[in-house]
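Each chain is listed here by its residues.
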Amino acid sequence: MAVCKNCGATLCADEISVFLKLVSREAKTYLCKQCLADTFHCDTALIDRKIEQFKRNGCLLFTLGVQKNE
Ligand SMILES: [Zn+2]
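Rules used throughout
- Residues numbered from 1 in each chain as written.
- Predicted model: local features only at pLDDT ≥ 70, side-chain atom pairs only at ≥ 80, totals over all residues.
- Heavy atoms only, no water.
- Helix = DSSP H or I, 4+ residues; strand = E, 2+ residues; numbered from the N terminus.
- Buried < 20%, exposed > 50% of the residue type's maximum accessible area, 1.4 Å probe, protein only.
- Contact = heavy atoms within 4.5 Å.
- Donors = N, O, S within 2.8 Å, 3.2 Å for Na, K, Ca; no water.
- Tetrahedral: all angles 85-135°; square planar, octahedral: opposite > 155°, others 65-115°.
- pLDDT = per-residue confidence, 0-100.
- Salt bridge = Lys/Arg side-chain N within 4 Å of Asp/Glu carboxyl O.

With respect to the element layout, T44 can be found in helix α3 (residues 44-56). We classify T44 as partly exposed; its relative accessible area is 25%. Between the C-alpha atoms of T44 and K33, which are eleven residues apart in sequence, the distance is 6.2 Å. Aside from chain neighbours lying at most four places away, what touches T44 is K33, Q34 and A37.

Let us look at the coordination of the zinc ion. Six octahedral donors around a metal ideally make angles of 90 or 180 degrees; four tetrahedral donors ideally make 109.5 degrees. Note on the zinc ion: its protein donors are C4 (SG), C7 (SG), C32 (SG) and C35 (SG). The metal-donor distances range over 2.2 to 2.3 Å. Coordination at the zinc ion comes from four donor atoms whose angles at the metal span 105 to 117°, giving a geometry best classed as tetrahedral. Read in sequence order, the donor residues coordinating the zinc ion give the pattern C-x2-C-x24-C-x2-C. Taken together, the positions of C4 in the segment before α1 (13-22) and C35 in helix α2 (residues 33-40) put the pair 31 residues apart, joining distant regions of the chain.

Note: predicted coordinates in regions of low pLDDT should not be interpreted at a detailed level. Predicted confidence across the protein chain gives a mean pLDDT of 89, with 89% of residues reaching 70 or more. Within the protein chain, the lowest mean pLDDT, 76, falls on helix α4 (residues 60-63), and the highest, 96, falls on α2.

In this section: the pattern of salt bridges. Counted according to the given criterion, the structure contains two salt bridges. A salt bridge links K55 to D14; the shortest N-O distance between them is 2.9 Å. On the criterion of sequence distance, the pair formed by K55 in helix α3 and D14 in helix α1 is long-range, its members being 41 residues apart. Of the residues examined, K55 reaches a relative accessible area of 34% and is grouped as partly exposed. With relative accessibility at 23%, the residue D14 sits in the partly exposed group. The salt bridge partner of D48 is K33, with a shortest N-O separation of 2.8 Å. Taken together, the positions of D48 in helix α3 and K33 in helix α2 put the pair 15 residues apart, joining distant regions of the chain. Accessibility expressed as a relative area gives 24% for K33, which makes it partly exposed.

Below, the structure is given as structure tokens:
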């Protein structure tokens with residue numbers, strides 16, 4: 001199971017996907033929603049909106065899901 005590289009929280013697939021979209025497609029370590037919001041100095045609600053937006057746009061990272069470290 002992937003964990004946040006900052007706080008160690010267990011990550012859900014959406015958190016990994018949004019990190020890949022917003023930060024880097026090459027990322028091997030990720031941040032949870034809260035730490036990502038802190039990094040961007042924004043609200044976690046904005047991250048949630050981004051996740052919804054990417055899903056609506058049919059982004060493959062979200063529709064396929066990210067299943068790493070099985
Ligand atoms: Zn975190």
